[in-house]
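# Observations on the model geometry
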Amino acid sequence: MLFEDVRIAVQPCAAAPKDESPVLCFQPGQVLLVEKESVPCLPVYRQVKPLLPEGTVLIALLTADGQAVFTPDPLGDEVIPQGNGLSYGPMRLFREMDCRSGAVLTAAHHLWQWMRRNRFCGGCGGRMEHDGAERALRCPACGQVNYPMIAPAIIVALTCGDAILLAKSANSPWKHYGLVAGYVEVGETLEQAVRREVMEEVGLPVHHLRYVGSQPWGVSGSLMCAFQGETDGSLPLKIQRSELADAKWVSRCQLSAPASTFSVAQELIERFRQGKL
């Protein structure tokens, strides 16, 4: 859902950058962007090229709808400065972009972060290299192969009649109300993870659980699996303060239309507001 109209492929390709090819330069938690009419946008090769140190190697990180998206090789050591109308901004700015740009940026960040964290072999400590045949990193010394890691996570629209449970994270920089969510633990099914997270965070049982859809969430390297479940609203909320700053029931008529439905949480809430969930 949400990104399903954007066709992203991550297998290696031998494309060379063209003037209008997107080029994404990352630093931890930040990305180099250009602003157009007060909206952050993805820069292209002709804008980034003057900033690239001599000898910088660009790799095609992924393709989006057949268009190659490039980045300075994450296995290298180049630091790309800002300038030429481009500046580094926090990754959260993807929320202000159009859906296609946001999908491209978050998927590219997922791959970049995985590569940066796996530059050296976990088996022998050797320097990793790109595998030419598939999106993987290979150690030429011991042969270990690392593939991109995807962390499965669940998110649930928990409802009771005409009300939905909204929660605010105690640890995330995103301080708006959203939905109960969490990572799937080893040995769990998605459904078990939903019931465990809801019980841990708000102390409620979940009934009539159904799968709604999914969304790749490259900011955290996860795949968000969305569900709707019902519960008994008369039961008291037992908020897990280490995870949630607050949780509350909100009736359908109290909800306002969101500025965007970029995230799966916002879309689920909006579907409920419109009576489609």
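Structure shown above.
Keep in mind that what you see is a predicted model, and the values were worked out from it rather than measured.

Turning next to the packing of aromatic side chains. Applying the stated rule across the entire model yields three aromatic pairs. Centroid distance Phe-26 to Trp-112: 5.4 Å. Interplanar angle 35°. Geometry classified as tilted. With Phe-26 in strand S2 (residues 26-27) and Trp-112 in helix H2 (residues 99-117), the pair connects residues that are 86 residues apart, well separated along the chain. In this pair, the class of Phe-26 matches that of Trp-112, namely buried.

Where a strand is regular, its side chains alternate between the two sheet faces. The alternating pattern of strand S13 (residues 180-183) places Val-180 and Gly-182 on a buried face and Ala-181 and Tyr-183 on a face that is not buried. Where strand S11 (residues 151-160) and S13 come together, four bridges link them in antiparallel fashion. Paired with Ile-155 across the two strands is Ala-181, which belongs to S13.

Bridge count between S2 and strand S3 (residues 30-36): two bridges; the pairing is antiparallel. Considered in S3, the bridge of Phe-26 is made with Val-31. Alignment of S3 against strand S7 (residues 86-90), held across five bridges, turns out to be antiparallel. Across the sheet, residue Val-34 finds its bridge partner in S7, namely Leu-86.

What follows covers unusual backbone geometry. Where the residue is not glycine, phi is negative for most of them; where a peptide bond is considered, it is trans in most cases. With a phi angle near 55°, Glu-37 is a residue other than glycine that sits in the positive phi range. Within the secondary structure layout, Glu-37 lies in the loop between S3 and strand S4 (39-41). Since its relative accessible area comes to 81%, Glu-37 is described here as exposed. The phi dihedral of His-208 falls on the positive side, at around 50°, and the residue is not glycine.

It is worth spelling out the layout of surface pockets at this point. In this structure, the largest pocket occupies an estimated 1400 Å³ of space. Forming the boundary of the largest pocket are 45 residues, of which Arg-95, Ser-169, Ser-172, Trp-174 and Trp-217 lie nearest the centre. At six residues, helix H4 (residues 264-273) tops the list of elements feeding residues into the lining of the largest pocket. The residue inventory of the lining of the largest pocket, partitioned by class, reads 25 nonpolar, 13 polar and seven charged. Approximately 410 Å³ is the volume attributed to the second largest pocket. Taken together, 16 residues make up the lining of the second largest pocket; nearest its centre are Ile-8, Val-10, Ala-107, His-110 and Pro-216. Take the lining of the second largest pocket: its biggest share by element is five residues, from H2.

Tallied over the full model, the rule gives 12 salt bridges. Across the pair Asp-77 and Arg-119 runs a salt bridge whose closest N-O atoms are separated by 2.9 Å. You can see Asp-77 sitting in the loop between strand S6 (67-72) and S7 and its partner Arg-119 sitting in the loop between H2 and strand S8 (129-130), a full 42 residues away along the chain. In this structure Arg-119 comes out as buried when scored by relative accessible area, which is 16%. We note a salt bridge from Arg-138 to Asp-131, for which the minimum N-O separation is 2.8 Å. Taking relative accessible area as the criterion, Arg-138 reaches 34% and is therefore assigned partly exposed. For Asp-131, a relative accessible area of 12% corresponds to the buried category. Residues joined in a network through salt bridges with shared partners are Glu-185, Glu-188, Arg-196, Glu-197 and Glu-200.

Conventions adopted
Residues numbered from 1 in each chain as written. Predicted model: local features only at pLDDT ≥ 70, side-chain atom pairs only at ≥ 80, totals over all residues. Heavy atoms only, no water. Phe/Tyr/Trp six-rings, centres within 6.5 Å; stacked < 30°, edge-to-face > 60°. Helix = DSSP H or I, 4+ residues; strand = E, 2+ residues; numbered from the N terminus. Buried < 20%, exposed > 50% of the residue type's maximum accessible area, 1.4 Å probe, protein only. Pairing = 2+ DSSP bridges. 1 Å grid on protein atoms, 1.4 Å probe; cavity = no way out; pocket = protein on both sides within 12 Å on 5 of 7 lines; lining within 4 Å. Points joined across faces, edges and corners; volume = space filled by probe spheres on them. Nonpolar A, V, L, I, M, F, W, Y, C, P; charged D, E, K, R; others polar. Salt bridge = Lys/Arg side-chain N within 4 Å of Asp/Glu carboxyl O.

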